[in-house]
Amino acid sequence: MRKLDSKMSKGFIIQGNNMPSYYDDWQSAQFECKACGWKGSGTELIEGEPFSDLYEANCPKCRECVTTVMFPTIEEARSNWDKVPPLDRMMVEYMEAHQASFEARKLFAPEQLPDVEGDDLVIVWDIDQFNGGDTIIRYGNLELWREPAFYEGYWRFSEVVDLLMQKYGERVQDLVPTRKSGNFLYGDSGSASRYVEEYRRKMRQLRRRATVTTIHPK
Ligand SMILES: [Zn+2]
């Protein structure tokens, strides 16, 4: 259940395929290992490598992957509440509260942002603490916005860039993540920093195009 946190924070609902969901009664189902022929119940499988949405359940004899199990969503946990252990219940309740607080305080419209002077806005993506708190969007000493941060919240970075661009247009030069924000922004995700860098690159490209048009109008 380690990954419950990051997955749920994105509010993903992963719809069914043939893989068992976390609360399906897969432990009592019978499995067969295609590699070595072992047969047995789900309880005998050994927890293997975790990925972002699922983990592998491996053969106890040869360690080959026999099946994969989806991590639960908040919705699945709620509809299987009697099967959810106390610690996971606390996690679910915490995440629901966090999500509600985010919904109440999130930046959702460009008009919420203050007007600022300047033609070359280097805006900073910062965080309260290394381990969480609020994401703080700063321009110089001016706090443009703050809202609850998510662990591995890089998906939010692009949304904030879009809102900044809507408000300030190509005057935005960059949105720079501080070193302190990195832990929370990228988390354990291998692709998170690439995602953020790619978005910053797009932003600069838009600005460059707009600048060229202004200097050399057709
Ligand atoms: Zn096997």
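As shown above, the structure is provided for reference.
Residues numbered from 1 in each chain as written. Predicted model: local features only at pLDDT ≥ 70, side-chain atom pairs only at ≥ 80, totals over all residues.

K.L.:
Sorry if this is basic, but what is going on with the pairing of strand S7 (residues 132–139) here?
P.N.:
Consecutive residues of a regular strand have side chains that alternate between opposite faces of the sheet. Bridge analysis of strand S6 (residues 121–129) against S7 gives 5 bridges, and the strand direction is antiparallel. From the neighbouring strand, Ile127 faces S7, where its bridge partner is Thr135. Between S6 and S7, which follow one another and run antiparallel, lie 2 residues. With 6 bridges joining them, S7 and strand S8 (residues 142–148) adopt antiparallel strand pairing. In the sheet register, Thr135 faces S8, and the bridge partner there is Glu147. Following S7, the chain reverses through 2 residues before pairing antiparallel with S8; Gly140 in that reversal takes a positive phi of roughly 60°. (Pairing = 2+ DSSP bridges. Helix = DSSP H or I, 4+ residues; strand = E, 2+ residues; numbered from the N terminus.)

K.L.:
Would you mind showing me how to read the pairing of strand S4 (residues 54–58) here?
P.N.:
Where strand S3 (residues 46–50) and S4 come together, 3 bridges link them in antiparallel fashion. Bridging from a neighbouring strand, Ile46 pairs with Asn58 of S4. From the end of S3 to the start of S4, which pair antiparallel, there are 3 residues. In this structure, S4 lies alongside strand S5 (residues 65–70), joined through 5 bridges in antiparallel fashion. The partner of Tyr55 across the bridge, within S5, is Val69. Taking the residues between adjacent antiparallel strands as the criterion, S4 and S5 are bridged by 6 residues, where Arg63 takes a positive phi near 70°.

K.L.:
Hey, could you run me through unusual backbone geometry in this one?
P.N.:
If a residue is not glycine, its phi is most likely negative; likewise, a peptide bond is most likely trans. Of note, the phi angle at Arg63 is positive, near 70°, even though the residue is not glycine. By the element assignment, Arg63 lies in the loop between S4 and S5. The partly exposed category is assigned to Arg63, around which 14 C-beta atoms lie within 10 Å. At Glu152, a position not held by glycine, the phi torsion is positive, near 55°. Relative to the helices and strands, Glu152 resides in the loop between S8 and helix H4 (154–168). Classification of Glu152 by C-beta neighbours within 10 Å gives buried; the count is 20. (Buried ≥ 20, exposed ≤ 12 C-beta atoms within 10 Å, placed from the backbone.)

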